[in-house]
Amino acid sequence: MKLAVISSAVLLAVLSCGEARAEFTVCNQTLDVVNLAVGQKIDNADQTDGWWTIGANQCVNVIREELTNRYIYIYATDVFGHAILSGSTEMCIERRRFSIRGIDECWQRGHIAAQFLEVDTLEQVRWTFFLTGSSP
């Protein structure tokens, strides 16, 4: 009887941990604070969202649902607004908090064009990206 109670408690703890688990996490392993924007396909449309501020040696859960896209796009800046990742996929951002549908004609729609880094999650449902001083 005692074993059943302990097993139930362990099972409950495991299930509780699973529900709170992030599906796309970015860990900042630099010594600087970074600001992060994320791009992904949502309902067959490209969308960018920002900003998450990530302190030095901290992690932030930026997508909380299981990943359905193989590719996630990230754009990171230092506290002065300078890009710290080298990406080649143009997507839209704003200076303040934003959620933008579509990635075409950023300037014409009143947004800022930025070069996002493509992260290949290898079709996994969970992924962690480590931002280091030597990130591409």
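Procedures and definitions
Residues numbered from 1 in each chain as written. Predicted model: local features only at pLDDT ≥ 70, side-chain atom pairs only at ≥ 80, totals over all residues. Heavy atoms only, no water. Phe/Tyr/Trp six-rings, centres within 6.5 Å; stacked < 30°, edge-to-face > 60°. Helix = DSSP H or I, 4+ residues; strand = E, 2+ residues; numbered from the N terminus. Buried < 20%, exposed > 50% of the residue type's maximum accessible area, 1.4 Å probe, protein only. Salt bridge = Lys/Arg side-chain N within 4 Å of Asp/Glu carboxyl O. Pairing = 2+ DSSP bridges.

A. Expanded view of the packing of aromatic side chains. Applying the stated criterion across every chain yields a total of 3 aromatic pairs. Measuring from centroid to centroid gives 6.2 Å for Trp51 and Tyr75, while their planes differ by 50°, and the two rings are tilted. Taken together, the residues span a long stretch of sequence, with Trp51 in strand β3 (residues 45-54) and Tyr75 in strand β5 (residues 71-77) at a distance of 24 residues. There is no split in this pair, since Trp51 and Tyr75 are both buried. Among the aromatic side chains, those forming a connected cluster through ring pairs are Trp51, Tyr75, Phe98 and Phe116.

B. Expanded view of the pattern of salt bridges. All chains considered together, the criterion is met by 4 salt bridges. A salt bridge links Glu23 to Arg126; the shortest N-O distance between them is 3.0 Å. Of the two residues, Glu23 sits in the loop between α1 (2-19) and β1 (24-28) while Arg126 sits in the loop between β8 (112-120) and β9 (127-131), which places them 103 residues apart along the sequence. Owing to a relative accessible area of 5%, Glu23 belongs among the buried residues under this scheme. On the basis of relative accessibility, which here comes to 31%, the residue Arg126 falls in the partly exposed class. Between Asp120 and Arg70 there is a salt bridge; the shortest N-O distance is 2.7 Å. Linking Asp120 in strand β8 with Arg70 in the loop between β4 (58-63) and β5, this pair joins segments that are 50 residues apart in sequence. Assessed through its relative accessible area of 26%, Asp120 is described here as partly exposed. Each member of the salt-bridge network shares a partner with another, and the members are Glu23, Glu66 and Arg126.

C. Geometry of the pairing of strand β6 (residues 89-93). Of all 5 residues that make up β6, 4 are buried, and the element is covered over most of its length. In terms of strand pairing, β6 meets β8 through 5 bridges, oriented antiparallel. Each residue of the ladder has a partner; that of Glu90, found in β8, is Gln115.

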